[in-house]
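# Structural overview
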Amino acid sequence: GQQVQQSPTSLVLQEGENAELQCNFSTSLNSMQWFYQRPGGSLISVFYNPSGTKQSGRLTSTTVIKERRSSLHISSSQITDSGTYLCAMVWNQGGSAKLIFGEGTKLTVSS
Amino acid sequence: EAAVTQSPRSKVAVTGGKVTLSCHQTNNHDYMYWYRQDTGHGLRLIHYSYVADSTEKGDIPDGYKASRPSQENFSLILELASLSQTAVYFCASSEAGGASQNTLYFGAGTRLSVL
């Protein structure tokens, strides 16, 4: 079936360092999303990024559909960036679309 | 802002018992979803619904039932809870199916422990 691979599994940074998170998809996809999950908390959509590059503040997402990959770059990381980042591919099936999630990258930013 | 509320936030259940997880949304969204999250598996779709009084199977529906009595409410039912159903369960809603341009709004999650 469809698979979403994220790397690295975990990442530890000093405050101010940059982070690069990767997401690879096993099949062709229509689009993808990045989500942020607070420690022990809910998920918040960070980017909906079907293709190309999108930026929001210190976060930049780049998706290359034909290469089945997406990346999330966090610049000048802050302690409040700590949490788990999940990517999900949008998969069309039977007339409706659904999300298939990767296992996430756990980011820890310390002072 | 879109709001999805889950109850209870945590629950301890006994093996073989019945468990009902509830979800309420005030977004006026048509689509609602139930996911479970396990360490090493990310989030997996259990059931979803795009209209009241109708539910659809997701990727891992075995052992679960779902109920959508109204647009606002979506429940997940474990008739005979098992140890393997220990996980964190998330409810979500979206304006359209699969969140193309319409993103999913998640609840805070329910931590279920089956003993």
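A short tour of the structure in this document, coming up. (Residues numbered from 1 in each chain as written. Chains lettered and ligands numbered in written order. Predicted model: local features only at pLDDT ≥ 70, side-chain atom pairs only at ≥ 80, totals over all residues. Heavy atoms only, no water.)

## Notes on the overall build of chain B
Formally: Going along the chain from the N terminus, every DSSP run of H or I of four or more residues is numbered as a helix, and every run of E of two or more is numbered as a strand. As a reference, a globule follows 2.2 Å times the number of residues to the power 0.38, and the radius of gyration itself is taken over C-alpha atoms. The criterion used for residue contact is that any of the two residues' heavy atoms lie within 4.5 Å. Note that accessible areas follow from Shrake-Rupley with a 1.4 Å probe, and for residues the cover is restricted to the protein chains shown. When charges are counted, Lys and Arg are positive and Asp and Glu negative, with His and the chain ends excluded. Lys charges are placed at NZ, Arg charges at CZ, Asp charges at CG and Glu charges at CD.
The number of helices and strands found in chain B is zero helices and 11 strands. In sequence order, the secondary structure elements of chain B are arranged as β-β-β-β-β-β-β-β-β-β-β. The C-alpha radius of gyration computed for chain B amounts to 13 Å, which stays within 12% of the reference 13 Å derived for 115 residues, consistent with globular compactness. Its C-alpha atoms give chain B principal-axis dimensions of roughly 40 × 30 × 25 Å. Residue pairs at least 24 apart in sequence account for 55% of intrachain contacts in chain B once pairs closer than 6 positions are excluded. For chain B, the exposed surface amounts to about 5,300 Å²; the carbon and sulfur share of it is 48%. Across chain B, the mean location of the 9 positive side-chain charges is 11 Å away from that of the 10 negative side-chain charges.

## Here we look at the sheet that holds strand 3 (residues 19-25) of chain A
Pairing between the strands of a sheet is mediated by backbone hydrogen bonds and can be parallel or antiparallel. Residue and element names in this part refer to chain A. Quick note on the threshold: At least two bridges found by DSSP between two strands is the condition for calling them paired. For helices, the axis comes from a line fit to the C-alpha atoms of the stretch in contact; other axes are also lines fit to C-alpha atoms, and the angle between any two N-to-C directions lies between 0 and 180 degrees.
What the five strands build is an open sheet, ordered 1-3-8-7-6; its pairing is antiparallel. Only two strands of the sheet have a single partner each, and these edge strands are strand 1 (4-7) and strand 6 (52-56). Adjacent strand axes in the sheet meet at a mean angle of 15° when their direction is disregarded. Across six bridges, the pairing between strand 3 and strand 8 (residues 69-74) is antiparallel. Bridge assignment links Cys23 to a residue of strand 8, and that residue is Ser70.

## Re the pattern of salt bridges
Under the convention used in this document: The term salt bridge refers to a side-chain nitrogen of Lys or Arg lying within 4 Å of a carboxyl oxygen of Asp or Glu. Exposure is judged per residue with a 1.4 Å probe applied to protein chains only, and the accessible area is read against the type maximum: over 50% gives exposed, under 20% gives buried, and values in between give partly exposed.
For the structure on display, the rule yields five salt bridges over all chains. Across the pair Arg69(A) and Glu67(A) runs a salt bridge, and its minimum N-O distance is 2.6 Å. Here Glu67(A) falls in the partly exposed class, since its relative accessible area comes to 44%. In this structure, Arg44(B) engages Asp38(B) in a salt bridge whose closest nitrogen and oxygen atoms are separated by 3.1 Å. Accessibility expressed as a relative area gives 25% for Arg44(B), which makes it partly exposed. Bridged by salt links that share partners, the residues Arg36(B), Asp38(B) and Arg44(B) form one connected network.

## Some words on the pairing of strand 8 of chain A
Here six bridges tie strand 7 (residues 59-64) of chain A to strand 8 of chain A, and the two strands are oriented antiparallel to one another. Residue pairing in the sheet places Thr60(A) in a bridge with His73(A) of strand 8 of chain A.

## What about the pairing of strand 7 of chain A?
Residues and elements named next belong to chain A. For strand 7, the buried fraction is high: five of the six residues fall into the buried class. Two elements, strand 6 and strand 7, share five bridges in a ladder whose sense is antiparallel. Bridge pairing links Ser56 to Leu59 in strand 7. Between strand 6 and strand 7, which pair antiparallel one after the other, the connecting turn spans two residues, and Gly57 there sits at a positive phi close to 60°.

## Looking at the sheet that holds strand 3 (residues 19-25) of chain B
All names here are of chain B. If you trace the four strands from one edge of the open sheet to the other, you get 1-3-8-7, paired in antiparallel fashion. Bordering the open sheet on either side are strand 1 (4-7) and strand 7 (65-67), each of which pairs with just one other strand. Neighbour-to-neighbour, the strand axes of the sheet open up by a mean angle of 20°, direction not taken into account. Sheet topology note: the strand 1/strand 3 ladder contains four bridges and is antiparallel. Note that in strand 3 the partner of Gln6 across the bridge is Cys23.

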